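# Close look at the chain arrangement
One-letter residues, chain by chain:
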Amino acid sequence: MPKLKIVVGTVYGGALDVAEQVSPLFEQAGYDVVVIEQPSLKDLTDDTPDLALFCVSTTGSGDFPGDFVPFVRELKSQSPSLGALRYGLIALGDSSYGDTFCGSGRALDEILADLGGQRLGERLEIDAMETFMADDAAIPWVEGWIEAEGLAT
Ligand SMILES: Cc1cc2nc3c(=O)[nH]c(=O)nc-3n(C[C@H](O)[C@H](O)[C@H](O)COP(=O)(O)O)c2cc1C
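Residues numbered from 1 in each chain as written. Predicted model: local features only at pLDDT ≥ 70, side-chain atom pairs only at ≥ 80, totals over all residues. Heavy atoms only, no water.

The next thing to look at is the overall build of the protein chain. Scanning the protein chain from N- to C-terminus turns up five helices and six strands. When the helices and strands of the protein chain are placed in sequence order, the string is β-α-β-α-β-α-β-α-β-β-α. Expected size for 153 residues packed as a compact globule is a radius of gyration near 15 Å; at 14 Å, the protein chain falls within 12% of this value. Referenced to the eigenvectors of the C-alpha coordinate spread, the extents of the protein chain come out at roughly 40 × 35 × 20 Å. Within the span of the protein chain, comprising 153 residues, buried residues form 46% of the whole. Long-range pairs, those at least 24 residues apart, make up 80% of the contacts in the protein chain with a sequence separation of at least 6. (Helix = DSSP H or I, 4+ residues; strand = E, 2+ residues; numbered from the N terminus. Rg over C-alpha atoms; globule rule 2.2 N^0.38 Å. Buried < 20%, exposed > 50% of the residue type's maximum accessible area, 1.4 Å probe, protein only. Contact = heavy atoms within 4.5 Å.)

Here's what the structure looks like:
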């Protein structure tokens with residue numbers, strides 16, 4: 001069974017909730033799903049998943065959630081080759097923060113791409129100003145993503 005790792009960066013739990021709500025959709029599509037709340041680089045490099053989905057919110061002024069910072073530091077300092085990584089990205093943010101809207105998810109996407117990761121499809125950005133429950137946006141997006149990218153096994 002192919003493995004999907006859902007890698008979470010959250011402050012208040014919204015991104016974790018998204019991860020937990022979309023997990024069954026991937027299980028139905030034939031994946032063995034693992035949700036990782038405090039990721040480290042080894043989660044990507046030692047046991048590279050067939051697919052990864054990053055669910056990350058933004059805090060501060062476009063900053064990564066605290067529990068996610070060590071992972072980003074490892075990515076930047078060790079510059080691993082992520083050519084084998086196929087991933088999707090769901091960014092949670094709030095457009096009332098202006099220029100830093102979804103800054104963490106956008107920055108992560110750029111870092112992963114620079115290291116050779118292949119994003120499948122477009123990034124989903126969920127705006128708390130428009131969507132009260134992030135799941136309401138995430139679930140249909142994941143359903144469409146699985147179908148559009150032919151991810152079901
Ligand atoms: C102190 C604070 C700072 C925030 N800064 C930003 C920001 O710079 N950009 C942004 O898009 N959203 C920002 N947000 C909004 C959060 O990213 C948004 O509410 C998100 O849904 C929280 O997800 P979480 O529950 O997974 O932490 C901020 C929220 C708080 C409370």
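A few words now on the environment of Leu120. As for its position among the elements, Leu120 is in the loop between strand E5 (118-119) and strand E6 (124-127). Given a relative accessible area of 13%, Leu120 falls into the buried group. Placed 69 residues apart in sequence, Leu120 and Leu51 show a C-alpha to C-alpha distance of 9.6 Å. Sequence-distant contacts of Leu120, defined by excluding residues within four places in its chain, comprise Leu51, Arg86, Tyr87, Trp145, Glu149 and Leu151.

Let us look at the UniProt feature "domain: Flavodoxin-like" (unreviewed entry) in the protein chain. Within this structure's numbering, the places UniProt gives as "domain: Flavodoxin-like" (unreviewed entry) are residues 4-146. Helix makes up 38% of residues 4-146 and strand 22%, with an end-to-end C-alpha separation of 12 Å. (UniProt positions renumbered as here; feature names shortened; annotations may be inferred.)

Here the focus is the packing of aromatic side chains. Within the structure shown, the criterion is met by seven aromatic pairs. Between the aromatic rings of Phe26 and Tyr31, the centroid separation amounts to 6.3 Å while the plane-to-plane angle is 90°, which identifies the pairing as edge-to-face. There is no split in this pair, since Phe26 and Tyr31 are both buried. Relative to Trp145, the ring of Trp141 has its centre 5.4 Å away and its plane inclined at 15°; by these criteria the two rings are stacked. (Phe/Tyr/Trp six-rings, centres within 6.5 Å; stacked < 30°, edge-to-face > 60°.)

The next subject is the side chain of Ser23. Residue position: Ser23 is located in helix H1 (residues 14-28). Its relative accessible area of 8% is what places Ser23 among the buried residues. Within the structure, the side chain of Ser23 is placed 2.9 Å from the backbone oxygen of Ala19, a separation counted as a polar contact. The residues touching Ser23, leaving out its near neighbours within four places in the chain, are Ile6, Val33 and Val35. (Polar contact = N/O pair within 3.5 Å; in protein donor to acceptor, adjacent residues only side chain to side chain.)

This part covers the packing of H1 against helix H5 (residues 134-148). Contact geometry for H1 and H5: axes closest at 9 Å, N-to-C directions at 30°. In this view, H1 runs roughly parallel relative to H5, as classed from their interaxial angle. Between H1 and H5 the crossing geometry is right-handed. Listed contacts from H5 to Asp17, Val18, Gln21, Val22, Leu25 and Phe26 of H1 are Ala134, Asp135, Ala138, Ile139, Val142, Glu143, Trp145 and Ile146. Considering only residue class, the contact of H1 with H5 consists of 10 nonpolar, one polar and three charged. (Axes fitted to C-alpha atoms, helices over the stretch in contact; angles between N-to-C directions. Parallel < 35°, antiparallel > 145°, perpendicular 65-115°, else oblique. Left-handed = near helix turned anticlockwise from the far one by under 90°. Nonpolar A, V, L, I, M, F, W, Y, C, P; charged D, E, K, R; others polar.)

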